[in-house]
Amino acid sequence: MTSRREFFKYAGLTGGAVAAAAVTRVAMAALPEPILQSSAETMAPLVPNSGRPYNPVVTLNGWTLPWRMNQGVKEFHLVAEPVVREMAPGFKAHLWGYNGQSPGPTIEVVEGDRVRIYVTNKLPEHHAVHWHGQRLPNGMDGVSGLTQPSIPPGKTFVYEFVARRPGTFMYHPHADEMVQMAMGMYGFWVTHPKAKNPLIDEVQRDFCFLLNAFDIDPGSYTPKTMTMLDFNLWAWNSRVFPGIDSLNVRLGDKVRIRVGNLTMTNHPMHLHGHEFLVTGTDGGPTPPHTRWYEVTTDVAVGQMRQIEFVADEEGDWSFHCHKSHHTMNAMGHNVPNLIGVDHSGLAKKINKLIPDYMVMGERGMSDMSEMEMPIPDNTAPMMTGEGPFGPVEMGGMFSVLKVRKDQKPGDYKDPGWFKHPPGTVAHEYTGPLAQPARFSAEGGQSMPLAKKPNASTEVQVRKPTSHNGH
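A quick note: this is a predicted structure, and the numbers were derived from the prediction, not measured.

**With respect to the packing of aromatic side chains**
On inspection of all chains with the given rule, the structure shows 13 aromatic pairs. Ring centres 6.1 Å apart and planes at 50 degrees place the aromatic pair tryptophan 131 and phenylalanine 161 in the tilted group. Separated by 30 residues along the polypeptide, tryptophan 131 in strand β9 (residues 129-132) and phenylalanine 161 in strand β10 (residues 156-162) bring together distant segments of the chain. With a relative accessible area of 1%, phenylalanine 161 lands in the buried category. With a centroid separation of 6.2 Å and 75 degrees between ring planes, the pair formed by phenylalanine 209 and phenylalanine 319 is classed as edge-to-face. With a gap of 110 residues between them, phenylalanine 209 in strand β13 (residues 205-214) and phenylalanine 319 in strand β23 (residues 315-321) connect regions that are remote in the sequence. Grouping residues by exposure puts phenylalanine 209 and phenylalanine 319 together as buried.

Laid out in structure tokens, this is it:
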């Protein structure tokens, strides 16, 4: 039997005492030790050493919260507190989260477990935690003012219920939730089946992460909490590419990916190189007759989606949200489109006043990824990430599924870039090119106009200035 201290050390975590005004020293000794995490790296799966066995998940750029068994009850300790989250190398944000991180740690239990969760509030305002998707007593649902009194700053409350059904869930505040969720407060919850379930397959790799969005001005640290739709950072587990770790799997592995959406819009999640089945939602596993193969599935606001596939194609496969502006960082919505504009003459005049002025945008935005432009401190560039063939020109909600035949079972280390077999990479064609054939005349009309207009009509187009609805 591994000791608790060794157990926590194995998980790469650190323990520490929490001072909660509502709990005396004697009572605090009865609480599970609060475990804190400061690293943004993907931690190894936490293999259970007590309670019912299960195949643990891997939280992308996150970790699983350890527990203790107390007379048959699985006990956890969440600490709601201000945190500093590294969203990408060189870019940190001042957020709110749980146990030192945003998102908070993943909670893993087994169907039928009685779960007791202590929540200590170290925020400057009241708090409450909602266990999204769970079947539980109404008074444990975590809606401030409706099902419970709020948790005041410095106090500790306890939630207790039975994990009644297996599935993919999450937890988040239902107290000043617009502010607290905009500040990064949420976490993943996985309930594993207690026995073999005909709707739940065994998998070799099981990943999970939450979709989130922030509005952080370039050069600043704290999100704007009143933003409704105009976010500039689209994240997975409060990380933006190239800060998002790759999903590393073995060729032939059955892979499950669980995704939850706590942003203000939907996200069509797209996987390259493979087809997948949607095998679960926050309502539970999907019946087999409702499943069909997809390469993209939409995850709406407040939803969970669980996809599964066999990783049978070697390579480095993109995995991303298919809304193109969600794969960029530090976006600005007031930038005009200058494609096709020749402003070289104007640039010469501006250079007399601003020697370092650069012409940008007249050929598209890819120049932004190639120029080493100075940017404000603590800012993620718009399109970053260097691949084996040059800039990837992606940011935000983007990562890579790395499938390797020599990846060992249970090994989640990054194998590096894929070594393509000879002759399997797109390359320049240097042979002769024939002139393209063009139509010599326009096609006719199946039903000609009875009377042709005397003059052609020019349509006047006015571009919209609002971003409503996106």
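**Comments concerning the sheet that holds strand β12 (residues 187-192)**
Spatially, the four strands line up as an open sheet ordered β7-β12-β11-β9, and their pairing is mixed. Looking along the sheet, the strands with just one partner apiece sit at the ends: β7 (107-110) and β9. Taken pair by pair, the neighbouring strands of this sheet meet at an average axis angle of 20 degrees, ignoring direction. With four bridges connecting them, β7 and β12 associate as parallel partners. Bridge pairing in β12 places valine 109 opposite threonine 191.

**Overview of the nonpolar core**
Among the nonpolar cores identified, the biggest contains 34 residues, and Phe76, Leu78, Ile107, Ile117, Trp131 and Trp189 are the most heavily contacted of them. Listing elements by their share of this core, those giving two or more residues are β5 (73-88), β6 (91-98), β7, β8 (114-121), β9, β10 and β11 (167-173). Not counting residues up to four positions away in its chain, the partners in contact with phenylalanine 76 are Pro32, Leu65, Pro66, Trp67, Ile107, Glu108, Val109, Val115, Arg116, Ile117 and Tyr118. One finds Leu211, Trp234, Met269 and Val403 within the second-largest nonpolar core, a separate group that totals 28 residues.

**Description of the environment of threonine 156**
Position of threonine 156 among the secondary structure elements: in strand β10. Along the primary structure threonine 156 and leucine 78 are separated by 78 residues, whereas in three dimensions their C-alpha atoms are 9.5 Å apart.

**Digging into the sheet that holds strand β17 (residues 267-271)**
The sheet built from five strands is open, its strands ordered β15-β26-β23-β17-β21 with mixed pairing. Edge positions in the open sheet fall to β15 (247-250) and β21 (296-299), since each of these has one partner strand only. Neighbouring strand axes in the sheet, compared pairwise and without regard to direction, differ in orientation by 20 degrees on average. The pairing of β17 with β23 spans three bridges and is antiparallel. The residue bridging histidine 270 from the neighbouring strand is histidine 320, located in β23.

**Observations concerning the layout of surface pockets**
Approximately 410 Å³ is the volume attributed to the second largest pocket. If you trace the second largest pocket, you find 26 residues lining it, with His192, Pro193, Ile200, Asp201 and Arg256 closest to the centre. Contributing elements (two or more residues each) for the lining of the second largest pocket: β11, β12, β16 (254-261), β18 (276-281) and β19 (284-285). Of the residues assigned to the lining of the second largest pocket, the class counts are eight nonpolar, eleven polar and seven charged.

**A look at the side chain of threonine 106**
With respect to the helices and strands, the residue threonine 106 is situated in the loop between β6 and β7. With relative accessibility at 0%, the residue threonine 106 sits in the buried group. Threonine 106 has contacts with Val57, Thr59, Trp63, Thr64, Leu65, Phe188 and Cys208, leaving out every residue within four places of it along the chain.

**What about the side chain of histidine 77?**
In this fold, histidine 77 is placed in strand β5. Since its relative accessible area comes to 2%, histidine 77 is described here as buried. Here the side chain of histidine 77 touches proline 32 through a polar contact of 2.9 Å, landing on its backbone oxygen. Sequence-distant contacts of histidine 77, that is, excluding residues within four places in its chain, are made with Leu31, Pro32, Glu33, Pro34, Leu65, Asn99, Tyr118 and Thr120.

What counts and how
Residues numbered from 1 in each chain as written. Predicted model: local features only at pLDDT ≥ 70, side-chain atom pairs only at ≥ 80, totals over all residues. Heavy atoms only, no water. Phe/Tyr/Trp six-rings, centres within 6.5 Å; stacked < 30°, edge-to-face > 60°. Helix = DSSP H or I, 4+ residues; strand = E, 2+ residues; numbered from the N terminus. Buried < 20%, exposed > 50% of the residue type's maximum accessible area, 1.4 Å probe, protein only. Pairing = 2+ DSSP bridges. Axes fitted to C-alpha atoms, helices over the stretch in contact; angles between N-to-C directions. Core = buried A, V, L, I, M, F, W, Y, C linked by side-chain atoms within 4.5 Å. Contact = heavy atoms within 4.5 Å. 1 Å grid on protein atoms, 1.4 Å probe; cavity = no way out; pocket = protein on both sides within 12 Å on 5 of 7 lines; lining within 4 Å. Points joined across faces, edges and corners; volume = space filled by probe spheres on them. Nonpolar A, V, L, I, M, F, W, Y, C, P; charged D, E, K, R; others polar. Polar contact = N/O pair within 3.5 Å; in protein donor to acceptor, adjacent residues only side chain to side chain.

Honestly, it's all geometry; don't read function into it.
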